[in-house]
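Fold and contact review
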Amino acid sequence: MANGGGTAARIGVLLVHGVGEHRRHQHLDAEVRAMVTALRARIGDHDAGQQRVRVRADSGPDGEFLAENEIWRGGRRPTVSVDLYDDDLARPRLTHTIGFHEVWWADLDEAPERHGFFATLRWYLQFWYWGLSQWAAQHYPARVSSLAGATRIGQPGNAARGRPPKPTLRDRAYLFAVACFFLLLGVTWEALRFLARRVNLAGPSSSILVRYVGDVKLYQARRYDASPSVDGMVERPRVAIRKRMVRALAAMALADYDRWYVAAHSLGTVVAHNGLNELAETLPNYLDEETLNECQARGIATVDPSADTARRMMPLRPAWAGDGVVIDRDRLFEKLRGFLTYGSPLDKFATLWPAIVPINAHPPTPAGGGFEWINVHDPMDAVAGSLDFFAGPAPPVNLPYAASWWFLLAHISYLNPKPDGLGERLMDWVIGGEPFDRSPRPGLWLDAGEARARKGHHVAWWVFLLAFLATAAAWAFPLLFEGLGAAVGSCGSDACADGGGWGQALADLWAWFPGTLPGLHWRLLGTAAGTVAVVGLLGLVRILRRPPRPDPGSKKT
């Protein structure tokens, strides 16, 4: 991994976070910690007196009053830099400097609580309706756009199967099972919180589920349902998120790195993929005026008289961008060497919302070639998968990987320290500048047979968790009704005399329900039937409310 030249190699890494309420630089901090740990393990950097790996954060003394930390700067300069020295004990020489940048977009999420109780309630009801009825969502096939340059955009498809992606009956059944899982999880979670409060214990609300999965809803939505960001007031939410991505790509190209890479996790892989595949005509629309002017000065932005930039675009073209101004994708990606996706739901987006993840027929083409798209996925991960619908000019290399045996932890465990794990191979790739190491390793980097077996464990986990949650809900329901009955029954007393005895009637109903199903097996059957009925009914409502398909030539997504 040593640099063959006389000067230190300057390498950039752009990190893109996925779902969750990430604070500024939180994702960068976690991922860089994991990569530095992997790098030190790889080179045996354990001697405190001769550290070959050294870390610098671009921080400053400025901060808010009573701040707990110094400010970490972002933008054009790397927020965190990792320096690698050679093993010369007498006069160590700097061989590599890796600058880490981050695309942070978590602040663009919705915040309905700013608008009061009823706005929050409405937003939560919309979310649960969206999630529980997703199995019946309308499939919007690829459509032809009238935008300039759209002929260079291809829709996702599987060349081996000879068909574009479309939800199959198996996909619908899987989404139905996922909806049942989340309904049972939400109900059981709240039931356990209710019981915990009775013994003075506090637990997190099930709203954490909404906050995580809600990012997916936000990215495919046509508009904000509540509390739009300033950037998203007149355009779709994902446009504001893409602006962060495209501006970060421009910053990496302007940073004069010898080479640079993009590493994206979870929903961040969709954000990164959109930025990397954006049209030359629409890329200037995402940039601020200062950055676009610098791109023009460096030859990254040029004027193409044949470019039709007067048509309606998304985002809308600012007046100061000028007619005919385009981004030269070859110059923009001249030094981009790799795109790493891990825990990626891109294939699921290609199946449900193919227009959101189009493929540019002109892929990143760095000088001298050598661009790779590496997709690492754990068959145990409920979010990730092999990207089979992206067989474009620069298709991904799918590498199955054992991140964690724990079903719900696999999605967040890709960079956990492991000998020859993803963290170490990522550092080898970045520092060495050579092709990504794709060699299998039994039990870690999986072959086809191991991947199939691990997928079988994935299905077994789903069955176990559904059965467990259904049993837990069936056990907890009578206790919930008992507590609700006591609360409502108090309204049947003199304190609620004005209610005309309605409180007592409801209390009798609460008391009657558990008594009708005295056995756990009957309650379990009722819970399962009720869950299927609720999810099925919401799906039926969604089918009946389906709008007509959009006409060809509608605006770009």
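You'll find the structure just up there.
Here the structure is a predicted model, which is why all the values come from computation and not from measurement.

**Structural notes on the overall build of the protein**
Within the protein, the secondary structure is distributed over 14 helices and 14 strands. Evaluated residue by residue, the protein yields a buried proportion of 50% over its 557 residues. Partitioning the intrachain contacts of the protein with sequence separation of at least 6 by distance along the chain shows that 77% fall at a separation of at least 24. Here the protein displays about 26,400 Å² of accessible surface, and carbon together with sulfur accounts for 60% of that area.

**Quick look at the environment of arginine 33**
Here arginine 33 is to be found in helix 1 (residues 26-43). Judged by relative accessible area, which is 57%, arginine 33 ranks as exposed. Here the alpha-carbon distance between arginine 33 and leucine 415, two residues 382 residues apart in the chain, equals 9.6 Å. A polar contact is formed between the side chain of arginine 33 and the side chain of aspartate 29, at a distance of 3.0 Å.

**Observations concerning the side chain of lysine 217**
Secondary-structure assignment places lysine 217 in helix 4 (residues 207-220). On the basis of relative accessibility, which here comes to 8%, the residue lysine 217 falls in the buried class. Non-local contacts of lysine 217, meaning those with residues more than four positions away in its chain, are made with Gln126, Phe127, Trp130 and Asp225.

**Topic: the nonpolar core**
In this structure, Val16, Met245, Val262 and Phe390 are the most contacted members of the largest nonpolar core, which totals 62 residues. Looking at which element gives the most residues to this core, the answer is helix 5 (residues 237-254), with eleven residues. When sequence neighbours within four positions are dropped, the list of residues in contact with valine 16 reads His27, Val103, Trp105, Met245, Val262, Ala263, Ala264, His265, Gly268, Val271 and Ala272.

**Topic: the packing of aromatic side chains**
Inspection of the entire model under this criterion finds 23 aromatic pairs. Measuring from ring centre to ring centre gives 4.6 Å for tyrosine 401 and tryptophan 445, while their planes differ by 50 degrees; the resulting arrangement is tilted. Pair noted here: tyrosine 401 is in the loop between strand 14 (397-400) and helix 11 (422-432) and tryptophan 445 is in the loop between helix 11 and helix 12 (448-489), with a separation of 44 residues, a long-range link. Pair check on accessibility: tyrosine 401 and tryptophan 445 agree, each one buried. Aromatic pair phenylalanine 464 and phenylalanine 468: ring centres 6.2 Å apart, planes at 20 degrees, arrangement stacked. Placement of the pair is phenylalanine 464 and phenylalanine 468 together in helix 12, with a separation of four residues, close to one helical turn. With a relative accessible area of 48%, phenylalanine 468 lands in the partly exposed category. An aromatic cluster is built from Tyr174, Phe181, Phe182, Trp406, Phe407, Trp461, Trp462, Phe464 and Phe468, whose rings are joined through pairwise contacts. The ring of tyrosine 85 carries the charged tip of arginine 54 above its face, separated from the ring centre by 3.9 Å.

**Focus on unusual backbone geometry**
Its identity is not glycine, yet aspartate 256 carries a phi of approximately 60 degrees, on the positive side. Summarising the element assignment, aspartate 256 is placed in the loop between helix 5 and strand 8 (259-265). In this model, aspartate 420 sits at a positive phi of 60 degrees, which is unusual for a non-glycine residue. Structurally, the position occupied by aspartate 420 is in the loop between strand 14 and helix 11.

**Some details on the side chain of glutamate 102**
Within the secondary structure layout, glutamate 102 lies in strand 6 (residues 94-103). Within the local environment of glutamate 102, its side chain forms a polar contact with the backbone nitrogen of histidine 25, the two atoms lying 3.1 Å apart. A distance of 3.2 Å separates the side chain of glutamate 102 from the backbone nitrogen of leucine 28, its partner in a polar contact. Look past the residues within four positions of glutamate 102 in its chain and what remains in contact with it is Leu14, Leu15, Arg24, His25, Gln26, His27 and Leu28.

**Overview of the environment of tyrosine 174**
With respect to the secondary-structure elements, tyrosine 174 resides in helix 3 (residues 169-198). A residue is classified by how much of its surface remains accessible, and tyrosine 174, at 30% relative accessible area, is partly exposed. Here the alpha-carbon distance between tyrosine 174 and tryptophan 135, two residues 39 residues apart in the chain, equals 7.9 Å. In this structure tyrosine 174 touches Ala382, His458 and Trp462, once residues within four positions along its chain are discounted.

**Re the pairing of strand 11 (residues 336-342)**
In terms of burial, strand 11 is largely enclosed, as six of its seven residues are buried. In the sheet, strand 8 pairs with strand 11 via six bridges, with the strands oriented parallel. Within strand 11, the residue paired with histidine 265 across the bridge is tyrosine 342. Bridge analysis of strand 11 against strand 13 (residues 372-377) gives five bridges, and the strand direction is parallel. By the bridge assignment for strand 13, phenylalanine 339 is matched with tryptophan 373.

**Looking at the pattern of salt bridges**
Pairing between side chains of opposite charge can happen when the charged atoms of each approach one another. Scanning the entire structure with this criterion turns up 18 salt bridges. With its nearest N and O atoms 2.5 Å apart, the salt bridge here joins aspartate 428 to arginine 42. Note that aspartate 428 is positioned in helix 11 and arginine 42 in helix 1, a separation of 386 residues in sequence. Arginine 42 gets classed as partly exposed once you look at its relative accessible area, which sits at 32%. The shortest N-O distance in the salt bridge between aspartate 437 and arginine 425 comes to 3.8 Å. Of this pair, aspartate 437 sits in the loop between helix 11 and helix 12 while arginine 425 sits in helix 11, and the two are twelve residues apart along the sequence. Classification of arginine 425 as buried rests on a relative accessible area of 1%. Here the salt bridges share partners, and the residues they tie into one network are Arg42, Asp420, Glu424, Arg425, Asp428 and Asp437.

Criteria and thresholds
- Each chain has its residues counted from 1, following the order in which its sequence is written.
- For a predicted model such as this one, the threshold for reporting local features is a pLDDT of at least 70, and the threshold for listing and counting side-chain atom pairs is 80 or more; totals across whole chains, interfaces and linings nevertheless cover every residue.
- Side-chain figures throughout are based on the complete set of non-hydrogen atoms in the structure, without hydrogens or water.
- We count a stretch as a helix when DSSP gives it H or I for four or more residues in a row; a strand needs E for two or more, and each element gets its number in order from the N terminus.
- Partly exposed describes any residue whose relative accessible area lies between the buried limit of under 20% and the exposed limit of over 50%, with all areas from a 1.4 Å probe on protein chains only and scaled to the type maximum.
- In what follows, residue pairs with any heavy atoms lying within 4.5 Å of each other are defined as contacts.
- The method behind every accessible area is Shrake-Rupley, applied with a 1.4 Å probe, and residues are considered shielded solely by the protein chains displayed.
- Distance and chemistry together define a polar contact, namely a pair of N or O atoms within 3.5 Å, with one atom able to donate a hydrogen and the other to accept it when in protein, and with adjacent residues in sequence counting only for side-chain atoms on both sides.
- Note on terminology: a nonpolar core comprises buried Ala, Val, Leu, Ile, Met, Phe, Trp, Tyr and Cys residues joined through side-chain atoms within 4.5 Å.
- Centres within 6.5 Å are what make two rings of Phe, Tyr or Trp a pair, Trp counting through its six-membered ring; a difference in plane orientation under 30 degrees is then read as stacked, over 60 as edge-to-face, and the rest as tilted.
- Consider the ring centre and the ring normal. A charge sits over the ring if Lys NZ or Arg CZ is within 6 Å of that centre and within 35 degrees of that normal.
- Pairing between two strands is assigned when DSSP locates at least 2 bridges connecting them.
- One speaks of a salt bridge when a side-chain nitrogen belonging to Lys or Arg is within 4 Å of a carboxyl oxygen belonging to Asp or Glu.

Read these as geometric descriptors, not functional statements.
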